[in-house]
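Fold and geometry: a report
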Amino acid sequence: MPRIVQLLASPVHRYVGRPADGPAPAPPGELVEEVRVRAGLGIVGDRYFGKPAHREASVTVIAQESLPPGVDLVQVRRNVLTAGIAVDELVGSVLTLDSGKGPVSLRVNRPAHPCAWMDVTVGPGAWKALRGRGGVRCTPLNDGVLRVGPVDVTVEG
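Procedures and definitions
In every chain, residue numbers begin from 1 and rise along the written sequence. Per-residue local features are limited, in this predicted model, to residues with pLDDT of at least 70; the limit for side-chain atom pairs, both in listing and counting, is 80 or more; totals at the level of whole chains, interfaces and linings are taken over all residues. By convention in this description, side-chain values take in all heavy atoms of the structure and omit both hydrogens and water. To qualify as a helix, a DSSP run of H or I must reach at least 4 residues; to qualify as a strand, a run of E must reach at least 2; elements of each kind are numbered from the N terminus. Buried residues are those whose accessible area, probed at 1.4 Å on protein chains only, stays under 20% of the maximum for their type, while exposed residues exceed 50% and partly exposed ones sit between those limits. In this description, contact between two residues means that some pair of their heavy atoms is separated by no more than 4.5 Å. The salt bridge criterion pairs a side-chain nitrogen of Lys or Arg with a carboxyl oxygen of Asp or Glu, the two atoms within 4 Å. Whether two strands pair comes down to DSSP finding at least two bridges between them. Nine residue types can take part in a nonpolar core, namely buried Ala, Val, Leu, Ile, Met, Phe, Trp, Tyr and Cys, and a core is a set of them joined through side-chain atoms within 4.5 Å.

**What to know about the overall build of the protein chain**
When helices and strands are tallied, the protein chain shows three helices and twelve strands. Among the 157 residues that make up the protein chain, the fraction classed as buried is 43%. For the protein chain, the proportion of contacts with a sequence separation of at least 24, taken over those separated by at least 6, is 70%.

**Thoughts on the pattern of salt bridges**
What the rule picks out here adds up to three salt bridges. For Arg47, the salt bridge is made with Asp46, and the minimal N-O distance between the two is 2.9 Å. A relative accessible area of 9% means that Arg47 is categorised as buried.

**Considerations on the sheet that holds strand 4 (residues 42–43)**
Strands sit in the order 4-3-10 across an open sheet of three strands; the sheet is antiparallel. A strand with exactly one partner marks an edge of an open sheet, and here the two such strands are strand 4 and strand 10 (144–147).

**Some remarks on the nonpolar core**
Counting residues in hydrophobic clusters, the biggest one holds 22 residues, and the most contacted among them are Val61 and Leu146. Contributing elements (two or more residues each) for this core: strand 1 (3–8), strand 3 (34–38), strand 5 (59–63), strand 7 (94–98), strand 8 (103–111) and strand 9 (136–140). If we ignore the near neighbours within four places in the chain, the residues touching Val61 are Val80, Thr82, Val87, Leu106, Gly135, Val136 and Cys138. Leu8, Ile62, Leu67 and Leu81 belong to the second largest nonpolar core, which has eight residues in total.

**As for the environment of Lys51**
Mapped onto the elements, Lys51 comes out in the loop between strand 4 and strand 5. Through-space distance from the C-alpha of Lys51 to that of Gly40 is 9.9 Å; in sequence the pair is eleven residues apart.

**Re the side chain of Glu30**
Within the fold, Glu30 resides in the loop between strand 1 and strand 2 (31–32). A relative accessible area of 4% means that Glu30 is categorised as buried.

**Some thoughts on the pairing of strand 9**
Extensive coverage of strand 9 is indicated by the burial of four of its five residues. Bridging between strand 5 and strand 9 involves three bridges; their strand directions are antiparallel. Bridge assignment links Val59 to a residue of strand 9, and that residue is Cys138. The pairing of strand 8 with strand 9 spans five bridges and is classified as antiparallel. Of the residues in strand 9, the one forming a bridge with Arg110 is Arg137.

Written as structure tokens, this is what we have:
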């Protein structure tokens, strides 16, 4: 059964400046058990919530199957880590996730391309290895709650 493995709602940007200088420290509590999603705005408490430049990319989703063992959202800085959902194949679709508190629909707008930081936070060669597998950038279409655990999945379009 598909699952939401992890959720990240971080109020800060950790990857600023040059990758060689390393990331900023992670704030406590950025990995959470559930997130509140607002239509057109993103994840409440996240660094991209309500930012006009990120409205079509306010929620990012990545498949655990795309990552090396032991790598999680802290390293890749996506919001939702799934298992059993081939998210990279869903660009142009609407992905609906229901983790038990009602459905949350996400318009999958475009790929979330990896950046050079991946060679620092994941390991050498990760930037190239994650190309085409870096997850997707989405716009939430309705308000709702996502939580870690089993998830019912619907894909339209």
